[in-house]
Amino acid sequence: MTTTLSREQLARLVAGDIAPGSFVNLGIGQPTMVSNFLTPAQHVTLHTENGMLGMGPEAVGDQIDPDLINAGKIPVTELPGASYFHHADSFAIMRGGHLDVCVLGAFQVSTTGDLANWHTGAPDAIPAVGGAMDLATGAKDVYVMMSLFTRDGTAKLVPACTYPLTGVGCVTRVYTNEAVFLIDDDGVRVRETFGLTFEELAARMEIPLLRAG
Amino acid sequence: MLTIADTAEQAVADITDGSTVLIGGFGPAGQPVELIEALLEQGARELVVVNNNAGNGETGLAALIGAGRVRKIICSFPRQSDSQIFDAAYRAGTIELELVPQGNLAERIRAAGAGIGGFFTPTGYGTILAEGKETRIINGRGHVFETPIAGDVALIKALTADRVGNLVYRKTARNFGPIMAAAAGKSIVQVSTIVDTGRLDPENVVTPGIYVNTIVQINTGHPEPATMEENQ
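What counts and what doesn't
- Residues numbered from 1 in each chain as written.
- Chains lettered and ligands numbered in written order.
- Predicted model: local features only at pLDDT ≥ 70, side-chain atom pairs only at ≥ 80, totals over all residues.
- Heavy atoms only, no water.
- 1 Å grid on protein atoms, 1.4 Å probe; cavity = no way out; pocket = protein on both sides within 12 Å on 5 of 7 lines; lining within 4 Å.
- Points joined across faces, edges and corners; volume = space filled by probe spheres on them.
- Nonpolar A, V, L, I, M, F, W, Y, C, P; charged D, E, K, R; others polar.
- Salt bridge = Lys/Arg side-chain N within 4 Å of Asp/Glu carboxyl O.
- Helix = DSSP H or I, 4+ residues; strand = E, 2+ residues; numbered from the N terminus.
- Buried < 20%, exposed > 50% of the residue type's maximum accessible area, 1.4 Å probe, protein only.
- Contact = heavy atoms within 4.5 Å.
- Buried area = accessible area lost by both parts, 1.4 Å probe.
- Polar contact = N/O pair within 3.5 Å; in protein donor to acceptor, adjacent residues only side chain to side chain.

## Focus: empty space enclosed by the protein
Residue and element names in this part refer to chain B.
Thinking step 1. Under the counting rule described, the total for this entry stands at one cavity of 30 Å³ or more.
Thinking step 2. Computed from the structure, the largest cavity encloses a volume of approximately 80 Å³.
Thinking step 3. Contributing to the lining of the largest cavity are Ile23, Gly24, Gly25, Gly27, Gln31, Ile36, Asn51, Asn53, Gly55, Asn56 and Leu61.
Thinking step 4. Each residue belonging to the lining of the largest cavity can be placed in one class, and the counts come to three nonpolar, eight polar and no charged.

## So, the pattern of salt bridges
Side-chain pairs of opposite charge can arise where the charged atoms are in close proximity.
Residue and element names in this part refer to chain B.
Thinking step 1. A full pass over the atoms with the stated rule returns 18 salt bridges over all chains.
Thinking step 2. Among the ionic pairs, Glu146 bridges to Lys133, the shortest N-O distance being 3.1 Å. Of this pair, Glu146 sits in strand E8 (residues 141-146) while Lys133 is found in the loop between strand E6 (119-121) and strand E7 (135-138), placing the two residues 13 residues apart along the sequence.
Thinking step 3. Glu146 sits in the buried class, given a relative accessible area of 3%.
Thinking step 4. According to the relative accessible area criterion, Lys133 is partly exposed, its value standing at 28%.
Thinking step 5. Between Asp196 and Arg163 there is a salt bridge, and its shortest N-O distance comes to 3.4 Å. Note that Asp196 is positioned in the loop between strand E11 (184-194) and strand E12 (214-217) and Arg163 in the loop between strand E9 (151-161) and strand E10 (167-168), a separation of 33 residues in sequence.
Thinking step 6. Taking relative accessible area as the criterion, Arg163 reaches 43% and is therefore assigned partly exposed.
Thinking step 7. Here the salt bridges do not stand alone but share partners, grouping Arg71, Lys72, Glu96, Glu98, Arg108, Lys133 and Glu146 into one network.

## Topic: the interface of chain A and chain B
Thinking step 1. Of the residues lining the interface, 36 residues belong to chain A; the matching set on chain B comes to 44 residues.
Thinking step 2. Between chain A and chain B the total buried area reaches about 3,300 Å² when both faces are included, carbon and sulfur atoms providing 62% of it.
Thinking step 3. The three residues of chain A that bury the most area against chain B are Asp67(A), Lys73(A) and Ile126(A), which together make up 22% of that side's buried surface.
Thinking step 4. In this structure, the connection of chain A to chain B is made through three salt bridges.
Thinking step 5. Salt-bridge contacts for Asp65(A) lead to Arg170(B); the nearest nitrogen and oxygen are separated by 2.5 Å.
Thinking step 6. On the surface where chain A and chain B come into contact, there are 20 residue pairs in polar contact (both at pLDDT 80 or more).
Thinking step 7. Sorting the residues of the side of chain A that touches chain B by element identifies strand E4 (76-84), helix H2 (87-95) and helix H3 (132-138) of chain A as the ones contributing at least two each.
Thinking step 8. It is H2(A) that provides the largest number of residues to the side of chain A that touches chain B, a total of four residues.
Thinking step 9. Residue classes in the side of chain A that touches chain B are distributed as 18 nonpolar, ten polar and eight charged.

Nothing here speaks to function; it is geometry throughout.
Set out below in structure tokens:
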């Protein structure tokens, strides 16, 4: 790959990595784009934490129903085989480890898979956590989609998070426009890079990186 | 014994100052708007409100907060693009906030209704929302102790009730309704339609009438009751 990935290409990459038959929760924002690239042949079932499995695409026109929304409060549709359940059941589905993959955005991820994505810690900010901590805690795999660098060029994959944590040791993969990182007990492994070499990537990061394979 | 109120005003008439009020809804879905408006008119003060959010726009829960009736809110996601009334009250120090991860909020409400004295959950472990709470390592994983949240009153919206208080909800508007109905001393439910007892398929009842104290029919423009004919 000679250039970094666009947001669409990144969403397509994540979608392609989701195993057929998976139950998946896509977080608000960039992760939601992944649903555009899931194929019918994958038979992926989407969960939305306000109480539904089998969520379909965003509703348009006459499909819009105020009683049928996703966790981002966007009107959505239901697919054949959908089910509804109350909030405690919905979070039991997450916390109980029944979801295969959850895809989330992040401010920072640490080398041990700690996630910070709910609060900047600014003293005047009104905190709001929603389902972020539950999502980070329960799924078998937690994938993060984020830009790798802040505007000033600082990497967001860090030795230790400086923002308040959402979950401890929960992230298993980080998808960025420059590279895909796998996090396990050995550390952070670079699965592939886009538009730069492993060495160029390593030079811009403060953490030790392992090569794939 | 179930009370069938004629109006939302009648349904909320007995709510007293200082009550803890569980209010259903996630965004617009399942929000008992007419009951909240009636509570605002009724005038009870010093309320503790439990809801996923802290009001949107200028109506409903936002209006209740704006009128200074809410002493404390227990919720997961207060800050939104249109939560300006809560934001102002919070910054002015006139409302107390207890921020709870959404799944812990739901499970704490469920625990209250189920008679559970608390539970250990991995959600929130190692975060600032677990500070000061008891923790335990269970099967090698950190857990936080969370306590039940019971209400004096619950305000809930469902689609259909029968005359013994059995409830059926509609799509994602179900959200907090079933667990709040069980967790409150008095559950007040607004429904689009009240049908004769026997017309709801017992297999499809979501909230059994034992959890429901008062129902009131408020036509919110949703015409189709969830009767057995509908479901077959």
